[in-house]
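Chain and residue survey
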Amino acid sequence: RWHRAGTHGQKQNVFDDMQACAEFLCSAGYTSPSKLAIQGGSNGGLLVQACVNQRPDLFGCGIAQVGVMDMLRFHKFTIGHAWCTDFGCSDKPDDFEFLYKFSPLHNIRPPPPGVQFPSMLLLTGDHDDRVVPLHSLKCVAQMQHALCGPGSAQRAPILIRVDTKSGHGAGKPTDKVLEESAVMYAFMHKVLAGGRWRKGERLKPKL
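The rules behind each value
Residues numbered from 1 in each chain as written. Predicted model: local features only at pLDDT ≥ 70, side-chain atom pairs only at ≥ 80, totals over all residues. Heavy atoms only, no water. Salt bridge = Lys/Arg side-chain N within 4 Å of Asp/Glu carboxyl O. Buried < 20%, exposed > 50% of the residue type's maximum accessible area, 1.4 Å probe, protein only. Helix = DSSP H or I, 4+ residues; strand = E, 2+ residues; numbered from the N terminus. Contact = heavy atoms within 4.5 Å. Polar contact = N/O pair within 3.5 Å; in protein donor to acceptor, adjacent residues only side chain to side chain. Disulfide = S-S within 2.5 Å. Phe/Tyr/Trp six-rings, centres within 6.5 Å; stacked < 30°, edge-to-face > 60°. Pairing = 2+ DSSP bridges. Right-handed = clockwise from strand over helix to strand, strands pointing away. Axes fitted to C-alpha atoms, helices over the stretch in contact; angles between N-to-C directions.

In total, this model carries six salt bridges according to the counting rule given. Across the pair Asp57 and Arg55 runs a salt bridge, and its minimum N-O distance is 2.9 Å. Take Arg55: its relative accessible area is 22%, and that puts it in the partly exposed class. Here Glu179 makes a salt bridge to Arg161, at a shortest N to O gap of 3.2 Å.

It is worth spelling out the environment of Arg161 at this point. For Arg161, the location among the structural elements is in strand β4 (residues 158–163). Owing to a relative accessible area of 15%, Arg161 belongs among the buried residues under this scheme. Linking Arg161 and Leu137, residues 24 residues apart in sequence, is a C-alpha distance of 9.6 Å. Those residues in contact with Arg161, other than ones at most four positions away along the chain, are Leu121, Leu122, Leu123, Thr124, Glu179, Glu180 and Val183. Of the polar contacts made by the side chain of Arg161, one reaches the side chain of Glu179; its length is 3.2 Å.

Moving on, we come to the state of the cysteines. Scanning all chains against the criterion turns up zero disulfides. Lacking any disulfide linkage, Cys61 is separated from the closest cysteine sulfur, that of Cys51, by 14 Å. According to the relative accessible area criterion, Cys61 is buried, its value standing at 0%. Residue Cys139 stays outside any disulfide, its sulfur separated by 12 Å from that of Cys148, the closest cysteine. Its relative accessible area of 0% is what places Cys139 among the buried residues.

For the structure shown, the criterion picks out five aromatic pairs. Look at Phe15 and Phe102: their rings are 5.4 Å apart centre to centre, the planes differ by 55°, and that puts the pair in the tilted class. Linking Phe15 in helix α1 (residues 12–27) with Phe102 in helix α4 (residues 93–102), this pair joins segments that are 87 residues apart in sequence. Of the residues examined, Phe15 reaches a relative accessible area of 0% and is grouped as buried. In this structure Phe102 comes out as buried when scored by relative accessible area, which is 5%. Aromatic pair Phe96 and Tyr100: ring centres 5.9 Å apart, planes at 5°, arrangement stacked. With Phe96 and Tyr100 both in helix α4 and four residues apart, the pair spans about one turn of that helix.

With seven of seven residues buried, strand β3 (residues 119–125) is to be regarded as a mostly interior element. Of the two faces of β3, the one carrying Ser119, Leu121, Leu123 and Gly125 and the one carrying Met120, Leu122 and Thr124 are both buried. Here five bridges tie strand β2 (residues 61–65) to β3, and the two strands are oriented parallel to one another. Note on β3: the bridge partner recorded for Cys61 is Ser119. Here six bridges tie β3 to β4, and the two strands are oriented parallel to one another. For Leu122, the partnering residue across the bridge sits in β4 and is Ile160. Following the chain from β3 across helix α5 (residues 134–147) to the adjacent parallel β4, one finds a crossover that is right-handed.

In this section: the sheet that holds β4. Reading across from one edge, β1-β2-β3-β4 is the order of the four strands in this open sheet, with parallel pairing throughout. Strand pairing shows two members of the sheet lacking a second neighbour, β1 (37–41) and β4, which therefore form its edges. On average, each strand axis in the sheet is inclined to that of its neighbour by 10°, with strand direction left out of account. Strand contacts of α5: β3 and β4, with the helix running at about 160° to β4, the strand carrying the most contacts.

Structure follows, in structure tokens:
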């Protein structure tokens, strides 16, 4: 019952729950929005991007690994058709309506004046045949287009890391797992600890 309450037309419940948890952490004094990072992979990557889209004021950093970002076309690639039982399918008019409302790729907009869109790091593998790389690639391109154009007030970085000879994650060699973890923690530390991102700076921590 709990799972079904977060599927199909009820998917927004998932994002509401995540945002409620973040609000509690801030209101209870554990952290503040500018110091709060969220991270998730695959369906969790969808969760991260949808939440920062809906509440950019609530997070300082989002890290989305191999996320499902295009909810209107996911079923057209590799195994994506199998997820229609959970998500619905945009080929059906009724499903299209609720999928479009939260689809990360289609809901990236500049935040209100005075609000900075969170620092974002997307990660994907060039051989991911489960959630194909186009999800992350299109999403980061749309973020950079919508948020980082001439005259933009966006100062927080919007980056992507594409791992080569890598898939969805299962079976990844230990050295790749360690490197990816180091990249994510280094990014979080950089953007949440008050460091300024310099143009052209590369994110490659020493292991």
